[in-house]
Amino acid sequence: LFDGVYPFYPQQRKAAVFDISTIIVTVVFLTLACSFLLITPGIRGRARLYWTLRILLSLFVGVVIVVVQFTGDWESGWVQANTSYKSFSPVQVSADIGLHIGLAGVNVTLRGNPVEQINETINYNEHFPWSFGADYDHSYNQGLQKGLPSPILYVAEKFSSQSPCGVHRQYRIAGHYASAMLWVAFCTWIISNILLSMPALVYGGYMLLATGAFMIFSLLSFSTVRNSPMCLIQIGNSTLHVAYGGSFWLMLAVGLLCLVAGITIVAMHHLNLDMLKTFFDLREDKAEEHQEPLEVFINPHFVSKDL
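Residues numbered from 1 in each chain as written. Predicted model: local features only at pLDDT ≥ 70, side-chain atom pairs only at ≥ 80, totals over all residues. Heavy atoms only, no water.

- If you check an unreviewed UniProt entry, the chain appears there as DOXA2 factor from Setophaga kirtlandii.
- We quote the UniProt Sequence similarities (unreviewed entry) comment for the chain here in full: "Belongs to the DUOXA family."
- UniProt, in the comment section headed Subcellular location (unreviewed entry), describes the chain in these words: "Membrane". (UniProt positions renumbered as here; feature names shortened; annotations may be inferred.)

Next up, the structure:
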């Protein structure tokens, strides 16, 4: 034994704490933010504050659009119950069961209360994908073969294609179209940044409006699953209910932020263009365009008489 376990045999799986894809996307955008912030000391006056605010808000919108593609809390719910731990066993355990639904699949969490019970560590987090190219039923059958705890298999079975609940198809299609809308929003976000830096401010505002609109469309696409009645998830004497999670509300907030920013830019373009150009540090360009040509004095000794 090495630290109480057999070192040459497969070890017990541990619950996932962070999603690798989320970490990668976050690190990339943090690197971009730090790189842009290194430039701020070279910007003078109030333009430094405006420039920093624009960059941070833009990167925040971009990272949210990408990260929520991989999060698993568009819908989530928890319940505490006394339930059987293994099939064909009368042993009951006290545990917290969590259900986290994302665009690409569902995560089922089982955490003992306390974690150490019946001489075992009860801490599971199992992912069952349903995105296009993934086979949910195959993942569920693998869970059966591995002998996952009964509460996890019971909750996961509700979303299988063979379940009488019939929600597998709705969640899969809704998640697919919501993801597609978010990728379109990411493209319009890139175009808006290009237009605002050219600068073509009013068209950048229009693309911000399009970005916010596609984000709202993704929320509407995902919310269509609520049109299908969900089977009750009865665990022991308790019922597991799901509600919109953090990713859903974060997307709603950022989508409204893009709509407000786009409307503000378009309105300022028509009502107060000078203030808008001040925020985007373009007043110097305007001053140069309207600057009167300088008077030039020529020394006659260096100019030929023919000229």
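Structure shown, so let's carry the discussion forward.
Re the state of the cysteines
Piece 1. For the coordinates displayed, the defined rule picks out one disulfide.
Piece 2. Disulfide pairing is shown between Cys165 and Cys231; the S-S distance is 2.2 Å. As the torsion about the S-S bond is roughly -135°, the Cys165-Cys231 disulfide counts as left-handed. Of this pair, Cys165 sits in the loop between α4 (150–157) and α5 (168–197) while Cys231 is found in the loop between α6 (201–223) and β5 (233–235), placing the two residues 66 residues apart along the sequence.
Piece 3. Classification of Cys165 as buried rests on a relative accessible area of 12%. (Disulfide = S-S within 2.5 Å. Helix = DSSP H or I, 4+ residues; strand = E, 2+ residues; numbered from the N terminus. Buried < 20%, exposed > 50% of the residue type's maximum accessible area, 1.4 Å probe, protein only.)

Quick look at the nonpolar core
In globular proteins that are soluble, nonpolar side chains generally tend to be buried together.
Piece 1. One finds Trp74 and Leu99 to be the most contacted residues of the largest nonpolar core, which totals 60 residues.
Piece 2. In terms of residues, this core owes the most to one element, helix α2 (residues 47–67), which gives nine residues.
Piece 3. Look past the residues within four positions of Leu99 in its chain and what remains in contact with it is Glu75, Ser76, Gly77, Val106, Asn107, Val108, Val155, Phe159, Ile233, Leu240 and Val242. (Core = buried A, V, L, I, M, F, W, Y, C linked by side-chain atoms within 4.5 Å. Contact = heavy atoms within 4.5 Å.)

Things to note about a nonpolar patch on the surface
Piece 1. Among the surface-exposed residues, Ile20, Ile23, Ile24, Val27, Val28, Leu32, Phe36, Leu38 and Ile39 lie close enough to one another that they form a single nonpolar patch of about 820 Å² accessible area.
Piece 2. Its place among the elements puts Leu38 in the loop between α1 (20–37) and α2.
Piece 3. Classification of Leu38 as exposed rests on a relative accessible area of 70%. (Patch = residues over 30% accessible without salt bridge, like charges linked within 9 Å, V, L, I, M, F, W, Y side chains within 5 Å. Areas by Shrake-Rupley, 256 points an atom, 1.4 Å probe, with all protein chains shown as cover. Salt bridge = Lys/Arg side-chain N within 4 Å of Asp/Glu carboxyl O.)

Considerations on the packing of α6 against helix α7 (residues 246–271)
Piece 1. At a minimum axis distance of 8 Å, the contact between α6 and α7 shows a crossing angle of 155°. Classified by the interaxial angle, the pair formed by α6 and α7 is roughly antiparallel. Crossing angle aside, the handedness with which α6 passes α7 is left-handed.
Piece 2. Split into classes, the residues belonging to the contact of α6 with α7 amount to 20 nonpolar, eight polar and no charged. (Axes fitted to C-alpha atoms, helices over the stretch in contact; angles between N-to-C directions. Parallel < 35°, antiparallel > 145°, perpendicular 65-115°, else oblique. Left-handed = near helix turned anticlockwise from the far one by under 90°. Nonpolar A, V, L, I, M, F, W, Y, C, P; charged D, E, K, R; others polar.)

So, the UniProt feature "transmembrane region" (unreviewed entry) in the chain
Piece 1. UniProt tags residues 20–39, 51–70, 177–196, 203–222 and 242–267 as "transmembrane region" (unreviewed entry).
Piece 2. In residues 51–70, the share of helix is 85% and the share of strand is 0%. The end C-alpha atoms are 30 Å apart.
Piece 3. Between the C-alpha atoms that bound residues 242–267 there is a distance of 40 Å. The span itself is 85% helix and 8% strand.

Some details on the confidence of the model for the chain
Piece 1. Summarising the model, the chain shows a mean pLDDT of 82, and 85% of its residues fall at 70 or more.
Piece 2. Below a pLDDT of 50 lies the segment residues 285–292, which in the model reaches one contact outside its immediate sequence neighbourhood of four places, other chains included. (pLDDT = per-residue confidence, 0-100.)

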